[in-house]
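# Working through the structure, step by step
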Amino acid sequence: NASSMARRPSIVTWAEEDEENGSYRGEIIPADGVNLNRAGLRIESMQTYAIVSSIVTGSSIGLFGVMQMNHGEDEEVTVPTKIVEGVFVFSQALSLISSVYTTFIFTLMALYYSTSLGLGGDECFQAFDDDTKNMRRRAFKSFVASMVTIMISFLACIF
């Protein structure tokens, strides 16, 4: 039905020169190609993950400065203290590595998503989204790991 196709919602994604009258017209792509509202929400959420991960990175670095693991020569270090210090260092290292990884991945993803939408490449956007699904999944798992390990290291710091 041609009349229903003409009334179908659409978005203007890029402009090209109209040869007949020298003006520009938008190339129309159906709205069901890329939902710009949902894509914008996805980009914002990736930026939020990146910001929270960068805060965790800074907190991890700050906790290293707070924790005092230097003991005097005449001070006896108990086994539980050594274990807690080992847990602290290990969890801090994991938290730092995973939060830096998460920050980089989600920052770059948001940048590339925005670029593909800004250039009007709905096909590129969809292909990039499909190709990076596993990378986003790993980055989210890394985000969760950084949150858990920062809590463990904070508890070890209190001990």
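What this report covers is the structure whose coordinates are included nearby.

### With respect to the overall build of the protein
For the protein, the count of helices and strands is 5 helices and 2 strands. Going from the N terminus to the C terminus, the protein shows its helices and strands as α-β-β-α-α-α-α. Looking at the protein as a whole, 30% of its 159 residues qualify as buried. Within the protein, residue pairs in contact and separated by at least 24 positions form 68% of the contacts whose partners lie at least 6 positions apart. Working note: accessible area of the protein is about 10600 Å², and carbon and sulfur atoms make up 62% of it.

### With respect to the packing of helix H3 (residues 79-118) against helix H4 (residues 122-131)
Interaxial distance between H3 and H4 falls to 8 Å at its minimum, and their mutual angle equals 155°. Considered as vectors, H3 and H4 are oriented roughly antiparallel to each other. Our pair here, H3 against H4, has a crossing hand that is left-handed. Taking contact as the criterion, the partners of Met109, Tyr112, Tyr113, Ser116 and Leu117 in H3 are, on H4, Phe125, Phe128 and Asp129. Looking at the contact of H3 with H4 residue by residue, the classes come out as 6 nonpolar, 1 polar and 1 charged.

### Quick notes on the nonpolar core
The biggest cluster of nonpolar side chains holds 12 residues, and these are Ala39, Ile43, Met46, Ala50, Ile105, Phe106, Met109, Ala110, Tyr113, Leu117, Phe125 and Ala139. Those elements giving two or more residues to this core turn out to be helix H2 (36-66) and H3. The element best represented in this core is H3, accounting for 6 residues. When residues no more than four places from it in sequence are discounted, the contact partners of Ala139 are Tyr101, Thr102, Ile105 and Phe106. With 8 residues, the next largest nonpolar core counts Val56, Leu63, Met67 and Val84 among its residues.

### Examining the pattern of salt bridges
Within this structure, the stated rule accounts for 2 salt bridges. We note a salt bridge from Arg42 to Asp129, for which the minimum N-O separation is 2.3 Å. Taken as a pair, Arg42 in helix H2 and Asp129 in helix H4 lie far apart in primary sequence, 87 residues in all. Judged by relative accessible area, which is 31%, Arg42 ranks as partly exposed. Measuring nitrogen to oxygen at the nearest pair gives 3.3 Å for the salt bridge that ties Asp129 to Arg136. With relative accessibility at 15%, the residue Arg136 sits in the buried group. Several salt bridges share partner residues, and in doing so they unite Arg42, Asp129 and Arg136 into one network.

### What to know about the environment of Arg136
Position of Arg136 among the secondary structure elements: in helix H5 (residues 133-158). Distance in space between the C-alpha atoms of Arg136 and Thr102 is 9.0 Å, their sequence separation being 34 residues. Excluding its chain neighbours within four sequence positions, the residues that come into contact with Arg136 are Arg42, Met46, Phe106, Met109, Tyr113, Phe128 and Asp129. Within the local environment of Arg136, its side chain forms a polar contact with the side chain of Tyr113, the two groups lying 2.9 Å apart.

### Thoughts on a nonpolar patch on the surface
Taken together, the side chains of Val79, Ile83, Val87, Phe140, Val144, Val148, Met151 and Ile152 define a hydrophobic patch exposed on the protein surface, amounting to about 670 Å² of accessible area. At the level of secondary structure, the elements contributing two or more residues to the nonpolar patch comprise H3 and H5. Among the elements that line the nonpolar patch, the one with the most residues is H5, at 5 residues. The residue Met151 is located in helix H5 in this model.

Rules used in this analysis
- Residues numbered from 1 in each chain as written.
- Predicted model: local features only at pLDDT ≥ 70, side-chain atom pairs only at ≥ 80, totals over all residues.
- Heavy atoms only, no water.
- Helix = DSSP H or I, 4+ residues; strand = E, 2+ residues; numbered from the N terminus.
- Buried < 20%, exposed > 50% of the residue type's maximum accessible area, 1.4 Å probe, protein only.
- Contact = heavy atoms within 4.5 Å.
- Areas by Shrake-Rupley, 256 points an atom, 1.4 Å probe, with all protein chains shown as cover.
- Axes fitted to C-alpha atoms, helices over the stretch in contact; angles between N-to-C directions.
- Parallel < 35°, antiparallel > 145°, perpendicular 65-115°, else oblique.
- Left-handed = near helix turned anticlockwise from the far one by under 90°.
- Nonpolar A, V, L, I, M, F, W, Y, C, P; charged D, E, K, R; others polar.
- Core = buried A, V, L, I, M, F, W, Y, C linked by side-chain atoms within 4.5 Å.
- Salt bridge = Lys/Arg side-chain N within 4 Å of Asp/Glu carboxyl O.
- Polar contact = N/O pair within 3.5 Å; in protein donor to acceptor, adjacent residues only side chain to side chain.
- Patch = residues over 30% accessible without salt bridge, like charges linked within 9 Å, V, L, I, M, F, W, Y side chains within 5 Å.

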